[in-house]
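Summary of structural features
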Amino acid sequence: MAASGAATIGFDARGELRDPVYHRTSATRADGPALSLLIVNISPSGLMARSIDAPEPGTLLSFTLPVIGQIGAEVRWSLGGRLGCQLARTIPPPLYYEMLAGLSR
């Protein structure tokens, strides 16, 4: 990592590393039809997914993850068919690693 104060190419300010995955799921939203998602990376508190019909920031979604079951998320950003979500609750480490084993990579 570069010295403090210098801009670092590729720096990710989210604070959590993401694990690459390839998991197809569908999400429900309170204000519209189901949405097909391809989750491409995930962390204990968030994820990035691809979708043909990416919802606007602020949209609340609900979907199912292996081991975890139903979980809610808020769309924080949406750009070019990609969306970033903050999960409604942080997944505890033991469950997180068990869930990762159930996701395609």
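Owing to the predicted nature of the structure, the values given are computational and were not obtained by experimental measurement. (Residues numbered from 1 in each chain as written. Predicted model: local features only at pLDDT ≥ 70, side-chain atom pairs only at ≥ 80, totals over all residues. Heavy atoms only, no water.)

1. Looking at the nonpolar core
Side chains of a nonpolar character, in soluble globular proteins, are inclined to be buried together. Ranked by size, the top nonpolar core spans 23 residues in total, and within it Ile42, Phe63, Leu65 and Met99 carry the most contacts. Of all elements in the fold, only strand E1 (19-29), strand E2 (32-43), strand E3 (46-50), strand E4 (60-65), strand E5 (69-79), strand E6 (82-87) and helix H1 (93-102) reach the threshold of two or more residues within this core. Tallying contributions element by element places E2 first for this core, with four residues. (Core = buried A, V, L, I, M, F, W, Y, C linked by side-chain atoms within 4.5 Å. Buried < 20%, exposed > 50% of the residue type's maximum accessible area, 1.4 Å probe, protein only. Helix = DSSP H or I, 4+ residues; strand = E, 2+ residues; numbered from the N terminus.)

2. Observations regarding the side chain of Asn41
Here Asn41 shows up in strand E2. Assessed through its relative accessible area of 14%, Asn41 is described here as buried. Looking at Asn41, its side chain comes within polar contact range of the side chain of Arg18, at 3.2 Å. If we ignore the near neighbours within four places in the chain, the residues touching Asn41 are Arg18, Asp19, Pro20, Val21, Leu47 and Met48. (Polar contact = N/O pair within 3.5 Å; in protein donor to acceptor, adjacent residues only side chain to side chain. Contact = heavy atoms within 4.5 Å.)

3. A word on the sheet that holds E6
In a beta sheet, neighbouring strands pair by backbone hydrogen bonds and run either parallel or antiparallel. Pairing in this closed barrel of six strands is antiparallel, and the strands run E1-E2-E3-E6-E5-E4 around the ring. For this sheet, the mean angle separating the axes of adjacent strands, direction not counted, is 45 degrees. Relative to E6, E5 runs antiparallel, the two sharing six bridges. Each bridged residue has a counterpart across the sheet, and for Glu74 the counterpart in E6 is Gln86. (Pairing = 2+ DSSP bridges. Axes fitted to C-alpha atoms, helices over the stretch in contact; angles between N-to-C directions.)

4. Notes on H1
Listing the buried residues of H1 in full gives Tyr96, Met99 and Leu100. One face of H1 carries all of its buried residues, which in axial projection span an arc of 105 degrees. Across H1 from its buried face, at more than 90 degrees, point the exposed residues Pro94, Tyr97 and Ala101. For H1, the secondary structure elements touched by its buried residues are E1, E2 and E4. (Arc of directions from axis to C-beta.)

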